[in-house]
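These are the residues of each chain, in order.
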Amino acid sequence: MSIEIIEMPHLGESVTEASIAAWLVSEGDRIEKYDPIAEAVSDKVTTEIPSNYSGIVKEFLIDIDTDVEIGTPMVKIQTDEEGEDEGENSDSSESGIETGEEFTDHINEEIDKEAEREPMERQTTSDEKQSTPKDTQKDSDSTTRYSPAVVRISQERGIDLSQVEGTGKHGRITRKDVLAFDVDSQKPAAQQSSDKKENRSEESSPVEAESTRPQKAAPAASLLPNGGEVVPADGIRKAIARKMVQSSTEIPHAWLMVEADVTNIVKLREQTKATFKEHEGVSLSYFPFFVKAVVQALKKHPVINTSWDNGNIVYHKDINISVAVATDEHLFVPVIHQADRYSLNGLSKEVSRLAGLARQGKLTTSDMQGGTMTVNNTGSFGSVQSMGIINHPQAAILQVESINKRFVPTEEGGFKAADMVNLCLSIDHRIIDGLQAGRFLQTVKDNLGRFSDESDLY
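Because the structure is predicted, anything quoted here is derived from the model rather than measured.

(A) Molecular detail of the sheet that holds strand 7 (residues 68-69). Spatially, four strands are ordered 5-4-2-7 in an open sheet, and the strand pairing comes out antiparallel. On the outer flanks of this sheet lie strand 5 (45-50) and strand 7, each paired with one strand and no other. Relative to strand 5, strand 4 (residues 36-42) is paired through six bridges, and the arrangement is antiparallel. Directly across from Ser42, in strand 5, lies its bridge partner Val45.

(B) Geometry of helix 8 (residues 235-250). Between its first and last C-alpha atoms helix 8 spans 22 Å; for 16 residues at 1.5 Å apiece the expected length is 22 Å, and the two agree. Where helix 8 is concerned, the buried positions are Gly235, Ile236, Ala239, Ile240 and Ser247. Viewed end-on, helix 8 has its buried residues packed into an arc of 140 degrees, placing them on one side of the element. Of the exposed residues in helix 8, those oriented more than 90 degrees away from the buried face are Val245 and Thr249. Where helix 8 is buried, its residues touch strand 2 (17-23), strand 4, strand 5, strand 11 (253-261) and strand 16 (331-332).

(C) Geometry of the pattern of salt bridges. The tally for this structure, following the rule as stated, stands at 13 salt bridges. When the shortest N-O distance is used, the salt bridge between Asp340 and Lys299 registers 2.9 Å. Residue Asp340 is located in the loop between strand 17 (335-336) and helix 11 (344-360), and its partner Lys299 is located in helix 10 (residues 287-300); the two are separated by 41 residues in the primary sequence. Accessibility expressed as a relative area gives 29% for Asp340, which makes it partly exposed.

(D) Fine view of the packing of helix 10 against helix 11. Running from N to C, helix 10 and helix 11 cross one another at 115 degrees; their axes reach a closest spacing of 9 Å. Crossing handedness for the pair helix 10 and helix 11: right-handed. Between helix 10 and helix 11, the contacting residues are Phe287, Pro288, Phe289, Val291 and Lys292 on the first element and Leu344, Leu347, Ser348 and Val351 on the second. Across the contact of helix 10 with helix 11, the residue classes break down as seven nonpolar, one polar and one charged.

(E) View of helix 13 (residues 434-448). The terminal C-alpha atoms of helix 13 lie 21 Å apart, and with 15 residues this matches the ideal 21 Å at 1.5 Å per residue to within 8%. When we look at burial in helix 13, the residues that qualify are Ala437, Phe440, Leu441, Thr443, Val444, Asn447 and Leu448. Relative to the axis of helix 13, the buried residues are bounded by an arc of 155 degrees and lie together on one face. Opposite its buried face, helix 13 presents the exposed residues Leu435 and Arg439, each directed more than 90 degrees away.

The rules behind each value
Residues numbered from 1 in each chain as written. Predicted model: local features only at pLDDT ≥ 70, side-chain atom pairs only at ≥ 80, totals over all residues. Heavy atoms only, no water. Pairing = 2+ DSSP bridges. Helix = DSSP H or I, 4+ residues; strand = E, 2+ residues; numbered from the N terminus. Expected span 1.5 Å × (residues − 1). Buried < 20%, exposed > 50% of the residue type's maximum accessible area, 1.4 Å probe, protein only. Arc of directions from axis to C-beta. Contact = heavy atoms within 4.5 Å. Salt bridge = Lys/Arg side-chain N within 4 Å of Asp/Glu carboxyl O. Axes fitted to C-alpha atoms, helices over the stretch in contact; angles between N-to-C directions. Left-handed = near helix turned anticlockwise from the far one by under 90°. Nonpolar A, V, L, I, M, F, W, Y, C, P; charged D, E, K, R; others polar.

Given below as structure tokens:
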């Protein structure tokens, strides 16, 4: 037997740091090669890391929620007999890690399977796990663990987990087992008719996927004397917290708001939304119009498309627009790369695609990286004015508020009913001054006023 080290693997292009959100095994556990051992978080994307050895988990080398560089030793594994290990890992480096390309390929395969698999939940010691019958494991609250996804679904559907037969390894109850359980009869769904099986297959479609990947059971919520409770934050929420604190402490924020008349956009959308949905397969929302107007304005005002880097200003060549997508629990900011190459039609489809991936929990690291400015559709939930926190290390974020009809003065001295929207811009005051921000917003307003014909959509 020998001790091997598993390092923090490459999780995507340009990813230099990551943190462990949860260990999916305990020290002393017996694991097999390719078993999931941890969940890593980078750029608010959670990736399940498999083991590339069979053996015993000896020691964790990284604390949870601590950012470390890629390649940092994560865990010690006491491998099986050397002859077997050497045969399986003959191409490995001195440290026992698979080659970068081989290991990355395997991680990508694992990521593709994550929507259909739950992280492994094991007993505290390998002896207990191997000697305890499955029925005893299920009946003992003190030894059985469930993933947060299993617990949440069972609570929502009123399912007694002791009645559910697990199909996972060692009888572990998976999300599919809970989704497929017949609540009315309190019998496993495997005993139901084929018609009900078809209905259940629809229930467990990717649309119901978690916005974050499953984690090892977190410590139970603790109750407070006044009836409140303390609930541990999950890995994604902790990543968001770190990012927000970094932005608010490092970036000196300044804010500016203007109002814009978008009556022409409202009319154009009303005239074309039915045929657009029929021909293009996605709904025509207002948001792509604002993204397009911002992209065009960034061409004229490149100082907005920048970042601060240790006393230097980085002017980005590409215009990569981050778009905020909210789920019930989290906020994700996927990126439309080279957004200036898209028409309004193309932007509609790309926004729809990224929003769908975010709500299904299928965003990849590459979907989240490289943004140079953020546009946030805060108006979708009725907001009329807000001050966004800049998405570090970007220099600006634009909040697009709700469109409301108001009476506004005309050039002739009268009044007219118009569809008005507030545009709220947060800027990094180290780079951008008020004059530059004001000119940028004026250009955005002018661009919005030019959308008047169906041909503008293409």
